[in-house]
Amino acid sequence: MATITVERSFWQALPKPKAESGFWSWVTTVDHKRIGILYFWTSIVFFLIGGVEALLMRLQLAGPNQTIIGPDLFNQLFTMHATTMIFLAIMPLTASFFNYFIPLLIGARDVAFPKLNAFSYWMFLLGGIFLNSSWFLGGPSDAGWFGYPNYSLKEYNPGLGVDFWIIGLLLTGIGTLVSGFNFIVTILNMRAPGMSLMRLPMFAWTTMVTSFLIVFSFPVITVALLLSLFDRLFGTLLFDIFAGSDLTVYHHLFWVFGHPEVYIIVLPAMGIVSEILPVFSRKPLFGYSVMVFSTMLIGFVGFGVWSHHLFTVGMGPVVNTVFALATMIIAVPTGIKMFNWIGTLYGGRIRFTAAMMYALGFLALFLIGGLTGVMLSAAPSNAQIHHTYFVVGHFHYVMIGGALFSLIAAIHYWGPKMFGRMLDERLGKIGFWTLFVGFNMTFFPMNILGVLGMPRRIYTYAAGMGFETWNAISTVGALIMGLSILITLYNLLTSLRRGEPAPADPWDGRTLEWTIPSPVPEYNFARIPHVSSRDELWVRKHPQLAHGAVAETAAAEEAPEEAIVMPGGSYMPLLVALGLFVGSYGLLYYMPVFWGGIAVSLLGLVGWALEGDNLRIVRPGGSH
Amino acid sequence: MEKAHQVQPTTRDYLKVGFWLFVLTVLEVAAIYIEALRPALAAVLVGLSVLKFLLVAMFFMHLKYDSRIYTGFFAFGMILAVLIGLAVTVIIL
Amino acid sequence: MSQASVTAAGRLAGHGEAAHAHHHPTSLGIPNQKLATWLFIASESMFFASLITTYMVFRYRSVVGPHPDEVVNIPLTTVSTFILLMSSLTMALGVSAAHRGEMRAVGKYLALTILGGLGFLVIQFYEWWHLAHDFGLTWRTNIFGSVFYILTGFHKAHVIFGMLWLSVIAISSFRGTLRKEHAVNVDVAGLYWHFVDVVWIVIFTLVFLLTEAGV
Amino acid sequence: MRHFQRIVGLAAMGVAGVALPVMAAPQYWLDPAGPVAAMQGQLFLLTLYIMLGIFVTVSGILVYTLVRFRERAKASARTGEAGTAARRETAAAAEDELPPQIEGNHKLEIIWTLIPFVLLLIIAIPTVRLSFALAADPGPDALEVRVVGHQWWWEFEYPQLGIVTGNEMRIPVGRPIRLIIESADVIHKFWVPKLAGKMDAIPGRTNQMWLQADEPGIYYGQCAEMCGTHHANMRLRVVALPQAEFDAWVANWGRGPVVEDEAQLAAVERGRMVFETRACYACHAIEGTAARGTAGPNLTDIGSRTTLAAGILENTPENLARWISDPQSVKPGSLMPRVGLSPDELRDVVAYLSSLR
Ligand code: HEA
Ligand code: HEA
Ligand code: CUA
Ligand SMILES: [Cu+2]
């Protein structure tokens, strides 16, 4: 392995990380696969934290008038639970798969901006740590995951909790935004020869649309958060009623972000399912181009429905109906996807692997969640179910039944590629059934509770309201879910050590990632593949399907390139992120530290731009 | 590097654009003091600033000469931003 | 860097941060950095749109004065607007020089641009001082003050960041380390600068001119 | 018909055995007590039926597909569960057994775009109609009540009647009530499920809605927007009275204590002195006395309310004493402080407040 040296100016003479294994190699890595794995484990840790918070809430709600957890702690729990699950568990877990698999799926050696990619990860990790450090620094926010002012302002929330919440979200938000740019450019510009847009695997499409949603929606929540932060820290009057403010400005800003956000969560999940169903029914995805189009439509319409969260703020019947109708429209493209998935299954030869079962679980549960969503969109009856457990039921169905099931499917499906070992199928199936049963036990009763009139975000309820039975069932279900998560975790951890070594193509796959060894070598493809078909590998395996276009010989059979130049590690992404992280504490405790942090970040940026490329030459088939 | 066959604006072109930006700014300020314009003033001002916006975007930012994709991204972002901004303003006010 | 390794580097499909990225054809035939910058600009449009929307909703809601129509200063702001516009002109000339390969000239144009930015800032900060001093308007005076200073403040922060960015390029131009293959870096910095200018065009119209027009 | 719908609704909402808990559910809004909740419930049921239909159809097709097209034992024995490198060699042999590689079907896609459209239209039309119907003003003979949310209790003011009360809203049966909804501090959400859906109480804004009770009774409600520590304990009740009883309440409101004998009168008088001299008067108002505070609920008719402290205690003299002697132990964080009263003072104040019927 050689290092390319360029002329040495001051910045270029800065030390470059050399380590290729061990701690420093991970800290300085810019390899999309390693970053993907970092995202993976970090988000699993945050998921467990969010899950424990959920279990605590469920324990408190198991029976009426319980006092296991007091009101203030309960409010903090649901705030942190939601924030953790959405921003620190589910989104980064999808990012983990973006990172690891997008370059593989489009036949590239890395993402467009490897250093930015590392930066995204550090912002996520440090933002998450910042947010959660509030547990030890006076307690986290208790203002709910949308943090409406004026409850979130100093007057009603005097501690630092809300500040930690806002700044933590801003920090992770920077990382998310940056990865949004990165993946759009990667998918548009880094495709292997022949990989036209209409040959992109569905997961790449949903990743791209998701990234667009990020690019256009995150700036809006950034503004919303900054405005309340200014009120809290600097005494501006933006949400001061007595200064003449209108609190609904924040409502709108938040939900202009908030609704696209829910599709940011579910679209990648839909992409994963669209990869898995064809493989295990041995058929191409049904209606590919319509799927692409409806993904874009969902993303687009998703920007025009935010006020369905605000039917009861008093916007008047005209606005309410406009948003109700716009919301309903979304059911059409989503339905198209649902039917196309079933069309994919229909006539296939369906193998019930663990991954497939989770993907099928997605279909069934997302269906329920989506249908309850449409029920919510009817503005007049929304006034009854709004902010009840019916909503809680709805969104857990779409976010767990939808997103989480699909992500666990991806763990079983892509895990062998990432870690080089097969997961245990039997444990996988046990995990599936316990999760499926536990999930429905936890969240279906919530739909009923909403109809019985139980509002959300209450730490306790009186006996005799008719809530007891359903809450008890729900709590038991949550415990079963916890058990299932532990089983899956056990499966993952033991398989990593003792699992059967994974072959390159364990599932009879269809796409490019299965043409290369598991786990994937540093350079991904020994030779950049030439793509002639949507299901490239499938067509290579079944040349009679090639519809005239002759599939090129498998890349692996060609002679590999003898020298591949890969980007080497860098300290700068971490340095810039650390500057912002430490500076953020300064903002809350001691302003000079804030300015110091900003200065460090700026210097890091300059170093980043000028340090040069630290390129390394890798020789496939060599001693490496 | 941009494709060689693409027309590149010359220094003269840029100076011309700069000149028009100057003229438009003067017009904007002048418009405020012309009583006759009062009824349509808002429209005139918005119109003039849209022109300035377009000049900068098309020439200084090269959208006129560059890949359509850039224009697409920018236009999409701008249109979305304006639509949502208008909608929120109308709903609240 | 040896000739051999340059070709090899080219094979790393469009590795964007490498200075030589544009030797290699990307899928769309356009450089990664420019694509990313345009996306960034589109995203920033949403950022400023949110701020401007907040401004438009809040501007006349203050219960105590001063209100916008009592404080806007058209002549002063016009001058600063004009300076910013002209800095965009020099920026465009700098980018054009970079594309022609006149890398030393780039530095001069950028220096002019930075100077323009500085002129803009000086006038704008003077206006802030003037508002605070003569009208008693701070961001804690009333809701208009809050939203006005935050909107214009974020714009200023963008200008300052742009000036720092341009300085780094200008310095490498003067030191002779800016080379022809870095043209795209100049290009991208220019896009950012023009965008900041474009945002000011909008702010100037909505915050200043419309107010003066009584809308 | 309504009965039938309710039964279907119950069956739909789940599982046998629902009926029992439902009957004892005072906030079960599919069993409405007024026209607004009834209309909203009907729309909900319409959406529910349509969604159930879709669910049954779609999941039916899904299950059918899974069963019919599952890989048969023979094939799976050959290809193996997780597959290995060996499968590549058998792949060629399996070639002829590939299922038909269908990539799409335009006619089908059009059908499953159009059908959802039609179904949505069925929901959309009543949605629009009802949105406008419910937003309409209930008319000139509506009784107006101004509802103000406070951390963590409700204030009800009857501008036409000059009455202010708290946590328990009395309304005449069969008459539409126009609610003007506001907030004194943070955002709350007014909700009495059996009478009508929610409406936000947002500081700085004024919202309107209307409701009506068709039958006399006590209807439960509670705050539905996270408003701080005691959001869960910000409950309320609507007491719907026949017109005559309502009129009597109005006439009696502010008449002062109701006592049975001299001894009680003395205690009540002493209690009133305590109330007007200790901190109470600063936060509470009682009509016809010097107490004019507005930080806490108006207590003019406290003796006739069914609950205390926003619906969390039954209104009995013991609970009243418990509340007044130490509100922070009942509702920790409540904005009513502990006012150190001697046992005598406490007894008298309780006697006084209980007599305000
Ligand atoms: C992954 C996240 C996700 C997804 C995908 C969705 C999808 C949808 N959501 Fe959901 N939603 C949330 C997450 C999500 N939601 C969250 C987190 C909240 C609460 C936030 C909070 O307050 O904390 C929320 C709240 C929420 C509300 C506000 C509730 C309230 O507070 O009062 C509404 C109201 O309209 C709504 C509607 C919808 C609709 C119509 C869809 C549609 O996209 C669903 C479309 C899918 C289908 C309809 C199923 C498949 C279609 C067919 C089989 C075709 C045939 C169907 C028909 C003809 C109907 N959602
Ligand atoms: C993707 C997002 C996501 C996910 C995955 C979840 C997962 C879960 N949620 Fe979440 N939830 C939200 C998003 C999510 N939630 C949001 C947005 C809100 C709204 C908040 C608000 O109102 O502001 C909410 C609110 C919410 C409430 C309502 C609170 C209220 O309104 O008062 C409840 C109540 O039961 C709940 C329960 C659960 C449960 C039981 C799970 C379970 O699925 C969790 C399963 C996981 C586990 C059980 C962990 C397993 C781990 C162990 C068993 C321990 C092992 C530990 C170690 C090894 C250290 N959630
Ligand atoms: Cu008031 Cu919740
Ligand atoms: Cu939504």
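Worth saying up front: this structure is predicted, and the values here are computed from it rather than measured. (Residues numbered from 1 in each chain as written. Chains lettered and ligands numbered in written order. Predicted model: local features only at pLDDT ≥ 70, side-chain atom pairs only at ≥ 80, totals over all residues. Heavy atoms only, no water.)

Visitor: Could you give me a rundown of the interface of chain C and chain B, with the residues and numbers involved?
Guide: Think of interface size as the accessible area that goes away when the parts come together; that is how it is often given. On the chain B side, the residues contacting the 47 residues of chain C number 43 residues. Both sides together, the interface formed by chain C and chain B hides about 3,900 Å², and carbon and sulfur atoms give 78% of it. For the pair chain C and chain B, the number of links is one salt bridge. Residue Asp66(B) pairs with Lys34(C) through a salt bridge whose shortest N-O separation is 2.5 Å. Elements with a contribution of two residues or more to the side of chain C that touches chain B: α2 (32-58), α4 (74-100) and α7 (183-212) of chain C. With 14 residues, α7(C) is the single largest residue contributor to the side of chain C that touches chain B. Residue composition of the side of chain C that touches chain B, by class: 30 nonpolar, eleven polar and six charged. (Contact = heavy atoms within 4.5 Å. Buried area = accessible area lost by both parts, 1.4 Å probe. Salt bridge = Lys/Arg side-chain N within 4 Å of Asp/Glu carboxyl O. Helix = DSSP H or I, 4+ residues; strand = E, 2+ residues; numbered from the N terminus. Nonpolar A, V, L, I, M, F, W, Y, C, P; charged D, E, K, R; others polar.)

Visitor: Can you tell me about the coordination of the iron atom of ligand 2, naming the residues and giving the values?
Guide: Residues and elements named next belong to chain A. Distances from the iron atom of ligand 2 to its protein donors, His81 (NE2) and His396 (NE2), fall within 2.0 Å. Viewed at the metal, the six donor atoms of the iron atom of ligand 2 are separated by angles of 85 to 179 degrees, and the geometry they form is octahedral. Taken together, the positions of His81 in helix α3 (residues 71-106) and His396 in helix α13 (residues 389-419) put the pair 315 residues apart, joining distant regions of the chain. The buried category is assigned to His81, whose relative accessible area is 11%. (Donors = N, O, S within 2.8 Å, 3.2 Å for Na, K, Ca; no water. Tetrahedral: all angles 85-135°; square planar, octahedral: opposite > 155°, others 65-115°. Buried < 20%, exposed > 50% of the residue type's maximum accessible area, 1.4 Å probe, protein only.)

Visitor: Describe the site of ligand 2, and please don't skip the residues or the numbers.
Guide: All names here are of chain A. Taken together, 34 residues are adjacent to ligand 2, and Arg58, His81, His396, Arg457 and Met481 come closest. The contact in question runs from a nitrogen atom of ligand 2 to an N or O atom on the side chain of His81, over 2.7 Å. Contacts to ligand 2 include His396, whose side-chain N or O atom sits 2.7 Å from a nitrogen atom. Listed by contribution, the elements that provide at least two residues to the shell around ligand 2 are α2 (32-61), α3, α13, α14 (425-451) and α15 (468-498). The leading source of residues in the shell around ligand 2 is α2, at eight residues. (Near = heavy atom within 4 Å. Polar contact = N/O pair within 3.5 Å; in protein donor to acceptor, adjacent residues only side chain to side chain.)

Visitor: Please give an account of the domain arrangement of chain D that cites residues and values.
Guide: All names here are of chain D. Examined at the domain level, chain D breaks down into domain 1 (1-27), domain 2 (32-135), domain 3 (143-252) and domain 4 (262-354). Listed per partner, the contact involves nine residues of domain 2 and twelve residues of domain 3. Between domain 2 and domain 3 the total buried area reaches about 700 Å² when both faces are included, carbon and sulfur atoms providing 58% of it. Interface area lost by domain 2 to domain 3 is led by Ala33, Pro35 and Val36, which between them contribute 59%. For the pair domain 2 and domain 3, the interface holds five residue pairs in polar contact (both at pLDDT 80 or more). Among the secondary structure elements, those contributing two or more residues to the side of domain 2 that touches domain 3 are α3 (35-68) and α6 (106-135). When residues in the side of domain 2 that touches domain 3 are grouped by element, the largest group, four residues, is from α3. (Domains from an automatic or database assignment.)

Visitor: With reference to specific residues and values, describe the pairing of strand β3 (residues 615-618) of chain A.
Guide: Residue and element names in this part refer to chain A. Here β3 shows no split at all, with Leu615 and Ile617 on one side and Arg616 and Val618 on the other all buried. Of the strand pairs in this sheet, strand β2 (residues 564-567) and β3 are connected by four bridges, and their pairing is antiparallel. Each bridged residue has a counterpart across the sheet, and for Pro567 the counterpart in β3 is Leu615. (Pairing = 2+ DSSP bridges.)

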